[in-house]
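Breakdown of the fold
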Amino acid sequence: MAKVPDPVPSGNEVLIKVSACGVCHTELDEIEGRTPPSRLPMIPGHQIIGKVAGTGVKVRNRKKGDRVGVAWIYSSCGRCSFCLGGYENLCPEFKATGRDANGGYAEYMTVHEDFTYYIPEIFTDSQAAPLLCAGAVGYRSVRLSGLQNCQNIGLTGFGASGHIVLQIIKYKYPDTKIFVFARSREERDFALELGASWAGDTTDNPPLLLDSIIDTTPVWKTVIEALKNLKSGGRLVINAIRKEEVDKASLLKIDYSRHLWMEKEIKSVANVARNDVRDFLEVASRIPIIPEVQEYNLEDANLALTELKQRKIRGAKVLVI
Ligand SMILES: [Zn+2]
Ligand SMILES: [Zn+2]
């Protein structure tokens, strides 16, 4: 733990007294150098819930005492073609909370008021925190899949993000059939329990070809398998920050006519836009999606990160401050 002066909000910034901050795999990526902070020292944490404790002179839409959240998108320029076209997540000046600006592993933080979100009352602070990252990104991946009601969608990989994505799809597209590809029997059983129409191993053939598939795995084998299972014009959305090198050779199995011909597409998901966070919180409160959480004191942040790395996971890890 380090002592740093409390930040002071300027202009359109609000000062947030942090009450909960989710612990995310991306923090390990930051610490271990796969997506390094743009300067050091940096306070990590991008799934933040707290109360507005102070406001800059230009703040118009937030007031002291408001309960708000802050997600991965800390700021974007607001002027470039991406920002103006609804793709602020791709802005060249995109700043990430806890990587390019101090985040929520702290008692206080500041952020532009427009990059805060009201939190539906149904969630406690700790329950809301983990929704701000995996849930919002999962929501974006469903949006990017172009899914329409009645179409058939596949999910390859069925971890925490997959569970949330399945529930979003069932709620927003009730007549859509969901096909889950997962390695473990438990994951497949759980998928069926949550309402998947079919569940098989990563290399199993689904009973029909799919309109779109969302891949949340860190490997390449699933990409080849998924392309094979898409119908003409189908789209594969890769929702993973990085793919590992271990099985990259499986890409050599690609067969143009079988895997790509007939206008099949591959699209990745990068960052989140504010409407993903806003819309997902709304949908999550209606379904509702209430995450299981495991709480840690701020002083135990390193313990929480170490356990995450060792995959000692009993619910989403949240620092309570
Ligand atoms: Zn995250
Ligand atoms: Zn921009």
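Structural notes, computed from the coordinates.

Attention shifts here to the overall build of the chain. Helices and strands together make up the secondary structure of the chain, namely 10 helices and 15 strands. Here the C-alpha atoms of the chain give a radius of gyration of 20 Å, agreeing with the 20 Å that 2.2 N^0.38 yields for 321 residues. Along the first, second and third principal axes, the C-alpha set of the chain runs to 60 × 40 × 35 Å. Classification of the 321 residues of the chain by burial places 52% in the buried group. Restricting to contacts in the chain with at least 6 residues of sequence separation, those with at least 24 account for 72%. For the chain, the computed accessible surface area is about 15600 Å², with 51% contributed by carbon and sulfur atoms. Charged side chains in the chain number 41 positive and 39 negative. The centres of these two groups are separated by 3 Å.

Here we take up the coordination of the zinc ion (ligand 2). For the zinc ion (ligand 2), the full set of protein donor atoms is Cys77 (SG), Cys80 (SG), Cys83 (SG) and Cys91 (SG), at a range of 2.3 to 2.4 Å. In the primary sequence, the donor residues of the zinc ion (ligand 2) line up as C-x2-C-x2-C-x7-C. For Cys77, a relative accessible area of 16% corresponds to the buried category. Under the relative-accessibility criterion, Cys83 is labelled buried at 14%.

Let us now look at the pairing of strand 3 (residues 67-70). Burial of strand 3 is two-sided: the residues Arg67 and Gly69 facing one way and the residues Val68 and Val70 facing the other way are all buried. Looking at chain direction, strand 2 (residues 48-55) and strand 3 are connected through 4 bridges and run antiparallel. What sits directly across from Lys51, in strand 3, is Arg67. Bridge count for strand 3 against strand 7 (residues 117-118) is 2 bridges, and the pairing is antiparallel.

Moving on: helix 4 (residues 134-145). With 12 residues, helix 4 should reach 16 Å at 1.5 Å per residue; the first-to-last C-alpha distance of 16 Å fits that figure. In terms of burial, helix 4 is a largely internal element, 10 of the 12 residues being buried. For helix 4, the set of buried residues is Gly135, Ala136, Val137, Gly138, Tyr139, Arg140, Ser141, Val142, Leu144 and Ser145. Residues of helix 4 that are buried make contact with strand 8 (152-156), helix 5 (160-172), strand 11 (210-215), strand 12 (230-238), strand 13 (265-268) and helix 9 (274-286).

This next bit is on unusual backbone geometry. Along the chain, Leu40 connects to Pro41 via a cis peptide bond; the corresponding omega equals -5 degrees. Looking at the element boundaries, Pro41 is found in the loop between helix 1 (25-31) and strand 2. A cis amide bond links Ile287 with the next residue in sequence, Pro288, at an omega value of -15 degrees. Positionally, Pro288 belongs in the loop between helix 9 and strand 14 (293-297). In this model, Cys150 sits at a positive phi of 85 degrees, which is unusual for a non-glycine residue. Locating Cys150 in the fold gives a position in the loop between helix 4 and strand 8.

Attention shifts here to the side chain of Glu307. By the element assignment, Glu307 lies in helix 10 (residues 301-309). On the accessibility criterion, Glu307 (16% relative accessible area) is buried. Apart from the residues lying within four places of it in its own chain, the contact partners of Glu307 are Gln294, Tyr296, Lys312 and Lys317.

Moving on, we get to the pattern of salt bridges. Note that side chains of opposite charge can pair when their charged atoms are close. Inspection of the entire model under this criterion finds 19 salt bridges. The residue Arg34 makes a salt bridge to Asp29 at a minimum N-O spacing of 2.7 Å. Arg34 sits in the partly exposed class, given a relative accessible area of 41%. Residue Arg34 pairs with Glu32 through a salt bridge whose shortest N-O separation is 2.8 Å. When salt bridges with common partners are traced through the structure, they connect Asp29, Glu32, Arg34 and Lys309 into a single cluster.

On to the side chain of Thr97, then. Relative to the helices and strands, Thr97 resides in the loop between strand 5 (95-96) and strand 6 (108-112). Residue classification places Thr97 among the buried residues on the basis of a relative accessible area of 0%. In terms of polar contacts, Thr97 uses its side chain to reach the backbone carbonyl oxygen of Ala71, at 2.6 Å.

So, how was this worked out
- Counting starts from 1 at the beginning of each chain's written sequence and moves along it residue by residue.
- Both sets of labels track the order of writing: A upward for chains, 1 upward for ligands.
- Only residues with pLDDT of at least 70 get local features here, since the model is predicted, and only at 80 or more are side-chain atom pairs given and counted; chain-wide, interface and lining totals rely on the full set of residues.
- Computation of side-chain values: all heavy atoms of the structure, hydrogens and water removed.
- Counting from the N terminus, the helices are the DSSP runs of H or I reaching at least four residues and the strands are the DSSP runs of E reaching at least two.
- With the radius of gyration taken over C-alpha atoms, the globule rule is written as 2.2 Å times the number of residues to the power 0.38.
- Per-residue accessibility, obtained with a 1.4 Å probe over protein chains only, is compared with the maximum for each type, and a residue is labelled buried under 20%, exposed over 50%, and partly exposed between these values.
- Throughout, a contact is declared for two residues whenever any of their heavy atoms are within 4.5 Å.
- Only the protein chains shown count as covering a residue, and every accessible area follows the Shrake-Rupley method with a 1.4 Å probe.
- In this charge count, Lys and Arg are treated as positive and Asp and Glu as negative; neither His nor the chain ends contribute.
- A single reference atom marks each charge: NZ on Lys, CZ on Arg, CG on Asp, CD on Glu.
- For Na, K and Ca the donor cutoff is 3.2 Å, while for all other metals N, O and S atoms must lie within 2.8 Å; water is not among the atoms, so some sites may look incomplete.
- Think of it this way: DSSP has to see at least two bridges between two strands before they count as a pair.
- What a helix should span is 1.5 Å times the count of its residues minus one.
- Salt bridge, as used here: a side-chain nitrogen of Lys or Arg that lies within 4 Å of a carboxyl oxygen of Asp or Glu.
- Definition of a polar contact: a pair of N or O atoms within 3.5 Å, with one able to donate and the other able to accept a hydrogen when the atoms are protein atoms, and with sequence-neighbouring residues admitted only if both atoms are side-chain atoms.

These figures come from the coordinates and say nothing about function on their own.
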